[in-house]
Structures are given as C-alpha cells and as structure tokens.
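# Results of the structural survey
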Amino acid sequence: MFYCRSIAKSAVGLQKLGITHLLNSAEGENDGYHVEVKPRVLQRVGIKYMGIAATDFMNFDLAQYFQQASDYIEEALSKEGE
C-alpha cells in the first residue's frame, strides 16, 4: 500500500510509467484512510485525474460511484486506442 500511495502522489513517477489517467478511490487528506493527490500537478504533465472520497468502512456505499468510475475508465481506454 505504501508504494501505491507514494507513486500516486508523484506526477513524474506516474509519467515515467506511462500513466495517462489516475482514479483515486481514496481521495482526501493523508490520514491513513485516504491519499491526498494534487490534481493540478498531474494535469501539468498531461495526466487526467478523478477522485472518489471513499473510506474503507463496511458501511460506506461505494456503489454510488460505480457508474461514474466506469465511465471514467471507459473514456481512458477509448483514448488509449486513438
């Protein structure tokens, strides 16, 4: 988890990996449950960002974000083929 958290916050690291889109399902301040990402920094290196402020609790309704996240992923994949 630590590696994922640190690489998600590194625009240069993501760019080196060829990442064009980032979907953060733990958006928020670094508090052990969330990963704070700077969308403007990602945008400067051409990475599109979508954040979902989900919390890893049993009663959190993540289903409310499924369609939005699915649409974002579908858009990213369609751009990959261009």
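For the structure, see preceding data.
Being a predicted model, the structure only gives us computed values, none of them experimental.

### Description of the environment of Phe 57
Summarising the element assignment, Phe 57 is placed in the loop between β2 (48-51) and α4 (66-80). Along the sequence, Phe 57 and Tyr 33 sit 24 residues apart, while their C-alpha atoms lie 9.4 Å from each other.

### Focus: the pairing of strand β1 (residues 21-24)
In this sheet, β2 lies alongside β1 in parallel orientation, the contact comprising four bridges. Across the sheet, the residue bridging to Asn 24 is Gly 51, located in β2. Regarding the hand of the β-α-β motif, the stretch spanning β1, helix α3 (residues 39-44) and β2 is right-handed.

### Overview of the side chain of His 21
Looking at the secondary structure, you find His 21 in strand β1. Among the polar contacts listed, one links the side chain of His 21 to the side chain of Thr 20, at a separation of 2.9 Å. Setting aside chain neighbours within four positions, we find His 21 in contact with Ile 47, Lys 48, Tyr 72 and Ala 76.

### A few points about the pattern of salt bridges
Scanning the entire structure with this criterion turns up two salt bridges. The closest approach of N and O atoms between Glu 36 and Lys 38, which form a salt bridge, is 3.1 Å. Accessibility expressed as a relative area gives 32% for Glu 36, which makes it partly exposed. Between Lys 48 and Glu 75 there is a salt bridge; the shortest N-O distance is 3.5 Å.

Thresholds applied
Residues numbered from 1 in each chain as written. Predicted model: local features only at pLDDT ≥ 70, side-chain atom pairs only at ≥ 80, totals over all residues. Heavy atoms only, no water. Helix = DSSP H or I, 4+ residues; strand = E, 2+ residues; numbered from the N terminus. Pairing = 2+ DSSP bridges. Right-handed = clockwise from strand over helix to strand, strands pointing away. Polar contact = N/O pair within 3.5 Å; in protein donor to acceptor, adjacent residues only side chain to side chain. Contact = heavy atoms within 4.5 Å. Salt bridge = Lys/Arg side-chain N within 4 Å of Asp/Glu carboxyl O. Buried < 20%, exposed > 50% of the residue type's maximum accessible area, 1.4 Å probe, protein only.

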